[in-house]
Amino acid sequence: MIKALRWLVLVVAVLAMNFPVLVTLITSFKSARELSTNPGFWINAPTLDNYARVLQVSDRLNIFAYLANSVAAAIIGTTLAIILAFPAAYAIARGDFGRRTLMPVIVNLRAVPLIIFAIPLYMMFQWLGLLDTQLGLGLILTIVNLPLALIILVNAIAEVPIELDEAAKIDGANTIQIMWRIIRPVVRPALVTTFIFGFITAWNEFLFGLMLTTNKAVPMTVGASFFFSASGGGIQWGMASAVMILGALPPMLLGLVMYRQISGSMTAGAVKG
């Protein structure tokens with residue numbers, strides 16, 4: 001009885017937390033006519049018309065281009081953030097000064113509204129010719145991802161015994177060799193976790209995608225909004241729901257595939273022998 005009650009509570013909690021997603025998924029399988037007569041939770045006549053219309057390429061709408069732009073920009077933004085954050089995280093983790101002074105600043109940067117940087121970044125990108133480019137969007141996403149990458153990697157590297165560094169130095173290894181050959185393999189789960197969280201953060205970024213792209217490099221978060229009134233006559237709820245489901249699939253699948261890496265990294269160091 002107690003076990004059944006626990007499962008019931010778990011199912012109710014899962015449904016409650018994912019209710020908006022379920023409603024969006026159900027709406028994506030309803031026709032416009034059914035939505036007007038049956039806006040409820042059940043589907044009388046499921047249809048794939050909304051997905052077929054979303055996947056049609058036109059001069060104005062191209063979901064495949066939006067997806068490609070988001071993938072390219074997210075990979076650039078996440079990879080560059082890790083490349084920059086890893087040596088910085090090593091320096092902070094191995095230095096008391098860095099952990100006492102720099103880490104609080106880095107943590108506080110996560111709380112700063114990104115809109116503060118909008119105008120100066122737009123002017124700088126306009127001057128550099130990086131507006132409406134995948135590279136430009138990727139560079140912005142690098143800045144967005146850097147604080148999170150540093151927080152994760154500093155905590156991971158701090159768990160690595162400093163005796164490994166000292167032993168490597170006795171063997172003649174320099175700092176770069178220590179980071180690459182000693183630290184990197186040990187904190188590999190944290191690097192994977194940083195990439196996954198960074199990719200998801202970059203994928204979900206809307207503000208800079210809206211501000212810095214107009215045509216060639218429009219990401220999925222911005223492109224999805226174009227489908228809301230694609231056919232005129234008000235909001236097309238079925239199409240909007242279908243494009244939101246398709247847009248959410250890549251980061252969702254990435255998180256599911258790499259779940260073990262994430263959980264292993266998050267629990268690393270929690271139990272010491």
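Residues numbered from 1 in each chain as written. Predicted model: local features only at pLDDT ≥ 70, side-chain atom pairs only at ≥ 80, totals over all residues. Heavy atoms only, no water.

J.: Could you give me a rundown of helix α11 (residues 188-204), with the residues and numbers involved?
T.: The end-to-end C-alpha separation of α11 is 24 Å, in line with the 24 Å expected for 17 residues at 1.5 Å each. Buried residues of α11: Ala190, Leu191, Val192, Thr193, Thr194, Ile196, Gly198, Phe199, Ala202 and Trp203, and no others. (Helix = DSSP H or I, 4+ residues; strand = E, 2+ residues; numbered from the N terminus. Expected span 1.5 Å × (residues − 1). Buried < 20%, exposed > 50% of the residue type's maximum accessible area, 1.4 Å probe, protein only.)

J.: Got a sec to walk through the packing of helix α2 (residues 19-28) against helix α14 (residues 237-257)? Specific residues and values, please.
T.: Between α2 and α14, the least distance of the axes is 7 Å, while the angle of their chain directions is 120 degrees. When the interaxial angle is binned, α2 and α14 end up oblique. Crossing of α2 against α14: the hand is left-handed. Across the interface between the two elements, Val21, Thr24, Leu25, Thr27 and Ser28 of α2 pack against Trp237, Gly238, Ser241, Ala242, Met244 and Ile245 of α14. By residue class, the composition of the contact of α2 with α14 is six nonpolar, five polar and no charged. (Axes fitted to C-alpha atoms, helices over the stretch in contact; angles between N-to-C directions. Parallel < 35°, antiparallel > 145°, perpendicular 65-115°, else oblique. Left-handed = near helix turned anticlockwise from the far one by under 90°. Contact = heavy atoms within 4.5 Å. Nonpolar A, V, L, I, M, F, W, Y, C, P; charged D, E, K, R; others polar.)

J.: Quick rundown of the side chain of Thr221? Include the residues and the values.
T.: Mapped onto the secondary structure, Thr221 falls in helix α13 (residues 220-223). Discounting residues that sit within four places of it in the chain, Thr221 has contacts with Ser70, Trp203, Asn204, Glu205 and Phe206.

J.: Quick rundown of a nonpolar patch on the surface? Include the residues and the values.
T.: Where nonpolar side chains cluster on the molecular surface, the patch consists of Trp7, Leu10, Val11, Val14, Leu15 and Met17 and spans about 610 Å² of accessible area. Residue classification places Val14 among the partly exposed positions, given a relative accessible area of 38%. (Patch = residues over 30% accessible without salt bridge, like charges linked within 9 Å, V, L, I, M, F, W, Y side chains within 5 Å. Areas by Shrake-Rupley, 256 points an atom, 1.4 Å probe, with all protein chains shown as cover. Salt bridge = Lys/Arg side-chain N within 4 Å of Asp/Glu carboxyl O.)

J.: Can you break down the packing of helix α9 (residues 162-170) against helix α10 (residues 175-186) residue by residue, with the values?
T.: Between α9 and α10, whose axes approach to 10 Å, the crossing angle comes to 130 degrees. By the angle between their axes, α9 is oblique relative to α10. Judged by the twist between their axes, the crossing of α9 over α10 is right-handed. Two secondary-structure elements touch here, α9 through Leu164, Asp165, Ala168 and Lys169 and α10 through Ile178, Ile182 and Ile183.

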